[in-house]
Amino acid sequence: MIRRFAPGSVLTSLPEPLTPDALVIGAGPAGLMAADMISAAGRRVVIADAMPSPARKFLMAGKSGLNVSRDQPLPEFVSSYFEGGEWLAPILDNFGPEDVKVWLDSHGIEHFTGSSKRIFPQGMKASPLLRSWLGLLAGRGVELKTRWRWDGWDGDGYRFLTPDGPRQVRARCAVLAVGGASWSRLGSTGSWTRLFEDRKIQLSPFKPTNVGCRMAWSGHMEKHYGQPVKPVRMQAGSAVVHGEFVISRKGLEGGGIYLLSNRLREGEPLVLDLLPHLDRATVAERLARPRGRNSFSNHMRKALGLTPVKIALFRECFRGEVTDLDAVAGALKALRPQISGPLEIDEAISTGGGVPETALDGNLMLRAAPGVFCAGEMLDWDAPTGGYLLTACLATGRHAGMAAAGWLESRVAT
Ligand SMILES: Cc1cc2nc3c(=O)[nH]c(=O)nc-3n(C[C@H](O)[C@H](O)[C@H](O)COP(=O)(O)OP(=O)(O)OC[C@H]3O[C@@H](n4cnc5c(N)ncnc54)[C@H](O)[C@@H]3O)c2cc1C
């Protein structure tokens, strides 16, 4: 609460500001890792998060199996980040897939590597890991403030909106780990960009990554919503993915499509091979076999082993005559669904854009705000699903946290 007495004179009746050594804003995996590093150096840390409980997106990631990293040699691992993400290489070099495994061990979380080299905790969920992590931080005296929404800078302090009114934190350094701009109901609203803009700090616009694409389906597709289409070869520009996707009410979603989403959002057409194990000549030859009294759909099912959902997708997208068997064969091998762009950014698994490398020094400190470090998905990098997202959030959280601890150390020394 602020009371005004006369123009220009302001008497504040705010409670005393909190004065930890370090403030971490955002209690997702990046912020928790930063707090972990700073508190391990013996510093007093306050973590503030806008939501009623920490790490909601991390917990959601665990709902379908927490894919925490990918068991690949580091150069291969790093090369999987989308174009422009190379700047993370030195940071991932210090904390890559092997380090993630050691870190899980340190929390007593058993883990395994699946057939696609994806690393998961044995129990698949994030909650046991989060419990252990929060316990460790609490044991070091780290204070977690929930329902504290960061609302801007107040000189060298940080202003928060809390259920008890405005509060201020004055810290000697801060790590911002406020996430990207998707799944806003879990806390990552991207609204912090306004605070950066107020201070004229450089930002790149958010872009949806790992997102489905929109299709205007006819009513025929309704009964196929939720059905996986597999196996299928998917291509957008020069990028090719073998795998599967899912038909949803809004369009095409799931792993294979997500991997191409950065190409599709740039307008590259999607080309699907519904029969990746057969060449076009074989498809044409099988289609030309006598079909007797079978409907054409039944004939496609029997002659080519096409599933009902693949047949429905073909019928939805094919614009030619089914009597033109050569055209049918061509379309089954290179179907071009008329997608009308990506789904809403809020529906994306992750977002690119945010704080660009050029706004930061090698310690992930904002050039425009000495002593303020950034980490996690709020940074401008982009990666497919498969454990790359969480590994980079953990690695940048660790990097920023260690740099913040070093900053505090150097301030004491001088
Ligand atoms: C459905 C789903 C499944 C996923 N599965 C995986 C997976 O298996 N593997 C993988 O690698 N990745 C996965 N991800 C992505 C991964 O969860 C995110 O990349 C990761 O959580 C980002 O971590 P972060 O700490 O940077 O940000 P977040 O986890 O988004 O945390 C940011 C925090 O900042 C807080 N915050 C924001 N603004 C403010 C403010 N103004 N004041 C105070 N607090 C604020 C938010 O409340 C939030 O708690 C998945 C994501 C989704 C949505």
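Remember, it's a predicted structure, so these values are computed and weren't measured experimentally.

J.: What am I meant to see in the domain arrangement of the protein chain here?
T.: By a widespread convention, an interface's size corresponds to the accessible area lost as its parts come together. For the protein chain, the domain assignment lists domain 1 (11–208 + 347–413) and domain 2 (213–333). Look at where the C-alpha atoms of domain 1 and domain 2 centre, and you get two points 40 Å apart. Residue-level contacts link eight residues of domain 1 with five residues of domain 2. Summed over both partners, the interface of domain 1 with domain 2 comes to about 670 Å²; 48% of that surface belongs to carbon and sulfur atoms. When residues of domain 1 are sorted by the area they lose upon contact with domain 2, Phe82, Pro208 and Glu347 head the list and together hold 53% of the total. Linking domain 1 to domain 2 there are two salt bridges. A salt bridge links glutamate 347 to lysine 250; the nearest nitrogen and oxygen atoms lie 3.0 Å apart. Split by residue class, the side of domain 1 that touches domain 2 holds four nonpolar, one polar and three charged.

J.: Quick question: what am I supposed to make of the site of the ligand here?
T.: With respect to spatial proximity, 30 residues lie near the ligand, and among them Asp49, Asn67, Trp150, Glu377 and Leu390 are the closest. Between an oxygen atom of the ligand and a main-chain N or O atom of leucine 390, the distance comes to 2.7 Å. Protein burial of the ligand: of its 1,000 Å² of free accessible surface, 96% is covered by the chains. Broken down by secondary-structure element, the contributors of at least two residues to the shell around the ligand are helix H1 (29–40), helix H2 (56–61), strand E9 (149–154) and helix H13 (388–413). For the shell around the ligand, the residue count by class is 17 nonpolar, nine polar and four charged.

J.: Looking at this model, I keep getting lost on the pairing of strand E15 (residues 228–236). Mind explaining?
T.: For a regular strand, the rule is simple: side chains alternate between the two faces of the sheet. Where E15 lies against strand E16 (residues 239–247), seven bridges are found, and the strand directions are antiparallel. Counterpart to methionine 234 in the pairing with E16 is valine 241. Two successive antiparallel strands, E15 and E16, enclose a turn made up of two residues, where glycine 237 displays a positive phi of approximately 60°. One ladder, built from four bridges, connects E15 with strand E18 (residues 270–273); its direction is antiparallel. Along E18, the bridge assignment pairs arginine 233 with aspartate 273.

J.: What am I meant to see in the sheet that holds strand E10 (residues 157–162) here?
T.: Two pairing modes exist for strands in a sheet, parallel and antiparallel, and in both the strands are linked by backbone hydrogen bonds. With antiparallel pairing, three strands are arranged side by side in an open sheet as E9-E10-E11. Single-partner strands in this sheet number two, and they are E9 and strand E11 (165–169). Taking each pair of neighbouring strands and ignoring which way they run, the sheet shows an average axis angle of 30°. Judged from the five bridges that link them, E9 and E10 form a sheet pairing that is antiparallel. Looking across to E10, one finds that arginine 149 is bridged to leucine 161.

J.: What am I meant to see in the nonpolar core here?
T.: In summary, soluble globular proteins display a tendency toward joint burial of nonpolar side chains. With 84 residues, the main nonpolar core has Leu23, Trp150, Phe196, Val355 and Trp381 as its most contacted residues. The biggest single contributor to this core is H13, with 12 residues. Ignoring any residue separated from it by four or fewer positions in sequence, one finds leucine 23 in contact with Val46, Ala48, Tyr158, Phe160, Val169, Ala171, Cys173, Ala174 and Val175. Among the nonpolar cores identified, the runner-up in size contains 40 residues, and Val229, Leu252, Leu272 and Ala329 belong to it.

Cut-offs and rules
Residues numbered from 1 in each chain as written. Predicted model: local features only at pLDDT ≥ 70, side-chain atom pairs only at ≥ 80, totals over all residues. Heavy atoms only, no water. Domains from an automatic or database assignment. Contact = heavy atoms within 4.5 Å. Buried area = accessible area lost by both parts, 1.4 Å probe. Salt bridge = Lys/Arg side-chain N within 4 Å of Asp/Glu carboxyl O. Nonpolar A, V, L, I, M, F, W, Y, C, P; charged D, E, K, R; others polar. Near = heavy atom within 4 Å. Polar contact = N/O pair within 3.5 Å; in protein donor to acceptor, adjacent residues only side chain to side chain. Areas by Shrake-Rupley, 256 points an atom, 1.4 Å probe, with all protein chains shown as cover. Helix = DSSP H or I, 4+ residues; strand = E, 2+ residues; numbered from the N terminus. Pairing = 2+ DSSP bridges. Axes fitted to C-alpha atoms, helices over the stretch in contact; angles between N-to-C directions. Core = buried A, V, L, I, M, F, W, Y, C linked by side-chain atoms within 4.5 Å. Buried < 20%, exposed > 50% of the residue type's maximum accessible area, 1.4 Å probe, protein only.

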